[in-house]
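Chain by chain, the residues:
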Amino acid sequence: MSQVVSFSFYRFGSIRTRLWAFVMMGLARPQMARIPDIGFWKLCGSGTGEGFTPFPNTSVYAILATWPDAETARDSIHDASIFGRYRAQATEHWTVYMTADTARGAWSGKTPFIPSAHHQQGPLAALTRATIKPSILARFWKRVPDISKVIGQDPNVVFKIGVGEIPWLHQVTFSIWPDAERMANFARTGPHAEAIHAVRKEGWFNEELYARFTLLSDDGTWGGTSPLKQLDIA
């Protein structure tokens, strides 16, 4: 069996449901912790625009979780009451299931993703997570709009979003690409490459994690369709 990672996204329409989702960032924690067989998990808010901005998007929230296998992941998300409550409140929801190909670094002092020995070539997802040093917040967020603009214009990116546990300090970027080559072409050029150079040279992060995933399947829709529809995902 291989560990499976789920990333669930929820869109909320009314002021009432947006307030509900905001409050659940705290109240959902005990319920998440009681789900049988759940491993590492995080509740996240999101950013506006392409998601890679310091300004919160009050309509979109996300839940990331790890599970011992695909069946457990699907059954738990379908049956657990807390996931059901999110679906009931949301106007739209989408969950993508993945296995880790590579992972390095830590998240909240843990190594959450266990790479599989059976990863495949083809479409993939990339996740980066960092705890930003307070002393460089202004410099970090000054660069982000340029990166957001470039990734938003890239015709190769299938899905992209920026989420986080704590606004400004904890940042997670998640994107889906047709293949590793096109993702690498984006990462090696322009504002993204410049930011990575600055990160290494100046030590912007207290903690960081980078992971790549093989896409397995998905449930639900985002923007009225499955983001994986344009990919050859069995």
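Before reading on, note that the structure itself is shown above.
Residues numbered from 1 in each chain as written. Predicted model: local features only at pLDDT ≥ 70, side-chain atom pairs only at ≥ 80, totals over all residues. Heavy atoms only, no water.

Moving on: the overall build of the protein chain. The secondary structure content of the protein chain amounts to 6 helices and 8 strands. For the protein chain, contacts bridging at least 24 residues in sequence account for 76% of all contacts bridging at least 6. Summing over all exposed atoms, the protein chain offers an accessible surface of approximately 11,400 Å²; the carbon and sulfur share of this is 55%. (Helix = DSSP H or I, 4+ residues; strand = E, 2+ residues; numbered from the N terminus. Contact = heavy atoms within 4.5 Å. Areas by Shrake-Rupley, 256 points an atom, 1.4 Å probe, with all protein chains shown as cover.)

Our focus in this paragraph is the pairing of strand β2 (residues 41-47). Most of β2 sits out of view: 7 of its 7 residues are buried. As judged from the 7 bridges shared by β2 and strand β3 (residues 56-67), these two strands associate in the antiparallel manner. Each bridged residue has a counterpart across the sheet, and for G45 the counterpart in β3 is Y61. Looking at chain direction, β2 and strand β6 (residues 159-164) are connected through 2 bridges and run antiparallel. Along β6, the bridge assignment pairs S46 with V163. (Buried < 20%, exposed > 50% of the residue type's maximum accessible area, 1.4 Å probe, protein only. Pairing = 2+ DSSP bridges.)

Here the focus is the packing of helix α2 (residues 70-79) against helix α3 (residues 81-89). Relative orientation of the contacting elements α2 and α3 amounts to 60°, with a least axis distance of 5 Å. It follows from the interaxial angle that α2 and α3 lie oblique. Judged by residue contacts, S76, I77, H78 and D79 of α2 engage S81, F83 and R87 from α3. Here the residues of the contact of α2 with α3 sort into 2 nonpolar, 3 polar and 2 charged. (Axes fitted to C-alpha atoms, helices over the stretch in contact; angles between N-to-C directions. Parallel < 35°, antiparallel > 145°, perpendicular 65-115°, else oblique. Nonpolar A, V, L, I, M, F, W, Y, C, P; charged D, E, K, R; others polar.)

With 19 residues, helix α1 (residues 15-33) ought to run about 27 Å at 1.5 Å a step, and its terminal C-alpha atoms sit 27 Å apart, in line with that. At M25, α1 is deflected by roughly 55°, the largest bend along its length. Of all the positions in α1, only T17, W20, A21, M24, M25, A28, Q31 and M32 are classed as buried. Contacts from the buried residues of α1 go to β2, β3 and α3. (Expected span 1.5 Å × (residues − 1). Bend = angle between axes of the 7 residues up to and from the residue.)

Of all hydrophobic cores here, the largest spans 30 residues; its most connected members are F7, F113, L127, F174 and I176. At the level of elements, β1 (4-11), β3, β4 (92-105), β5 (124-132), β6, β7 (170-177) and β8 (205-220) are the ones that each hand at least two residues to this core. Here F174 is in contact with F7, F9, V96, M98, A125, A126, L127, F159, K160 and I161, once residues within four sequence places are set aside. Membership of the second largest hydrophobic core comes to 25 residues, among which are M24, L43, W67 and Y97. (Core = buried A, V, L, I, M, F, W, Y, C linked by side-chain atoms within 4.5 Å.)

Here we come to the packing of α1 against α3. Between α1 and α3, whose axes approach to 11 Å, the crossing angle comes to 175°. In terms of their interaxial angle, α1 and α3 are classed as roughly antiparallel. Residues R16, T17, W20, M24, A28, Q31 and M32 of α1 form the contact with α3, whose participating residues are S81, I82, F83, R85, Y86 and Q89. When grouped by side-chain class, the residues that make up the contact of α1 with α3 number 7 nonpolar, 4 polar and 2 charged.

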